[in-house]
Amino acid sequence: MKNLLKPDDTLNNRISYYLLMLLLLSLPFNMFYSHLLLIGLAVHTIIQIRKITIKPLLTTVNFALAAVFLVTLISTIYSTNKPQAFTEVGRQVTILLIPLIFCFNPLDIKKYRTNLLLIFSVGCTVTIAYLFLQALITIRYYHLPLKALVSPAFTNHNFSEPLEIHATFFSMQIAIALVYLLYVFIKENSPKLKVFYLLCSCLLAAGIIQLSSKSIFAGIVIILTVFIPWFMLRGRIRLKYVTIVTSLLIVVMAGIFTTRAFRERYVTELRKDLSKSAGAQLTDPRLARWGVAMSVGAQSPVIGHGAGTEVGLLKDPFFDHQFYRSYLTGLNSHNQFISFFIKSGITGLLIYLFVLAFGIRVAIAKRDLLLMAFMIIVISVSLSENFLDVDKGIFFYSVFFSLLIFSASILPAENQAKNIV
């Protein structure tokens, strides 16, 4: 917490710290800022490269962090849609670049992990507060009742629209911020700071509900009920925590079921997504689309069809199955696992599964709650989105995966679970 905005370090390291801090703060906003800050961090890293400060490059850690990019790069060789394949490679180069920056940059990521995550979390809290304020201003301007705040006009993508960001991709960031603030809330001894962290957590939780991402909500429930008590609490404190959290979740679920917009989003749409196709419909069930996408991937099961081919290959099958909306809008499979299967076959899919297993293994070995939360969020979103096909998803994955892995070695005293005395 000390020296949050003025770290006690060399000038070069302070610049690196500020650039990384601003990069984290820029993630919810226009990607122009994130790209600009990443370029600035890369250039600054190149300028201050010293042989004695370079970390090992050819390691299992770096392979795991860059594996998704390498899979895309290799699958470009046999792709039948080279222009789109090169576009995907260019977009995913961030996944390779950020681990390299952390290897060449002398900044001690472990030392500043707490500061960076706190600044990011507070930034997310301010952003959510801004979105709620925007919604309230709009409601007042149009003389709408306050209950309009929980109507479809102000939930999901409509809530995040002022930032021009996909609701699920923004929810991924908010989820990390929420877990971190709950983490510091549990560990903090100062009553004033506890109140501050709790208020921020409540606002972020409200934001997640308002954004209405089903995959993120499911991931958060798993993190709150399983991994926080497992990693951080013991004895009667764990039992007390589980009781309180379970009670709060029951209240939240009751609120979702009794609020029409949330019930439609969380319950009705989930049922539709997991239903079988019944001919031409206004919306195409995800489960049915997954079946079509799997059949396309099965046409080249070992190495896939190559990067950049997914949307084109799905066009005709979607039309044949009367998924006209998916056909007209050029939707992908909306499942990261199936996307790997289509583009790089079972080979690419197994590599992606290895990466996920690697992250979970490190999180358990280090008892790193934030890294485990990140992995749960990535897995849950992978089931419903091709998040590694878009800039927001790629930046979230590459920045936080590298940051959390490189800073995962925490002092034992900081990582002990709380016991009842």
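Residues numbered from 1 in each chain as written. Predicted model: local features only at pLDDT ≥ 70, side-chain atom pairs only at ≥ 80, totals over all residues. Heavy atoms only, no water.

**Looking at the packing of aromatic side chains**
Reasoning step 1: Tallied over the full model, the rule gives 27 aromatic pairs.
Reasoning step 2: Three or more aromatic residues joined by ring pairs make a cluster, and in this case those are Phe 120, Phe 374, Phe 387, Phe 396, Tyr 397, Phe 400 and Phe 401.
Reasoning step 3: Above the ring of Phe 185, the side-chain terminus of Lys 194 is found at 4.3 Å from the ring centroid.
Reasoning step 4: Taking the ring centre of Tyr 327 as reference, the NZ or CZ of Lys 315 above it sits at 4.8 Å. (Phe/Tyr/Trp six-rings, centres within 6.5 Å; stacked < 30°, edge-to-face > 60°. Lys NZ or Arg CZ within 6 Å of the ring centre and 35° of its normal.)

**Focus: helix H16 (residues 369-382)**
Reasoning step 1: With 14 residues, H16 should reach 20 Å at 1.5 Å per residue; the first-to-last C-alpha distance of 20 Å fits that figure.
Reasoning step 2: In terms of burial, H16 is largely enclosed, as 13 of its 14 residues are buried.
Reasoning step 3: Capping of H16 at its N-terminal end is provided by Asp 368; its side-chain oxygen lies 3.1 Å from the backbone amide nitrogen of Leu 370. (Helix = DSSP H or I, 4+ residues; strand = E, 2+ residues; numbered from the N terminus. Expected span 1.5 Å × (residues − 1). Buried < 20%, exposed > 50% of the residue type's maximum accessible area, 1.4 Å probe, protein only. Polar contact = N/O pair within 3.5 Å; in protein donor to acceptor, adjacent residues only side chain to side chain.)

**Quick look at the nonpolar core**
It is characteristic of soluble globular proteins that their nonpolar side chains tend to be buried jointly.
Reasoning step 1: With 111 residues, the main nonpolar core has Phe 374, Tyr 397 and Phe 400 as its most contacted residues.
Reasoning step 2: At 16 residues, the largest contribution of residues to this core is made by helix H7 (residues 167-187).
Reasoning step 3: When residues no more than four places from it in sequence are discounted, the contact partners of Phe 400 are Leu 24, Leu 27, Leu 117, Phe 120, Ile 176, Phe 374 and Phe 395.
Reasoning step 4: With 10 residues, the next largest nonpolar core counts Trp 290, Val 292, Ala 293 and Phe 318 among its residues. (Core = buried A, V, L, I, M, F, W, Y, C linked by side-chain atoms within 4.5 Å. Contact = heavy atoms within 4.5 Å.)

**Overview of the environment of Ser 75**
Reasoning step 1: Tracing the chain through its elements places Ser 75 in helix H3 (residues 60-75).
Reasoning step 2: A relative accessible area of 2% places Ser 75 in the buried class.
Reasoning step 3: In sequence terms Ser 75 and Val 179 are 104 residues apart; their C-alpha atoms lie 36 Å from each other.
Reasoning step 4: Here the side chain of Ser 75 touches Thr 72 through a polar contact of 3.0 Å, landing on its backbone oxygen.

**A few points about the side chain of Ser 300**
Reasoning step 1: Along the chain, Ser 300 falls in the loop between helix H12 (286-297) and helix H13 (310-320).
Reasoning step 2: Ser 300 gets classed as buried once you look at its relative accessible area, which sits at 18%.
Reasoning step 3: Among residues more than four places away in sequence, those in contact with Ser 300 are His 305 and Gly 345.

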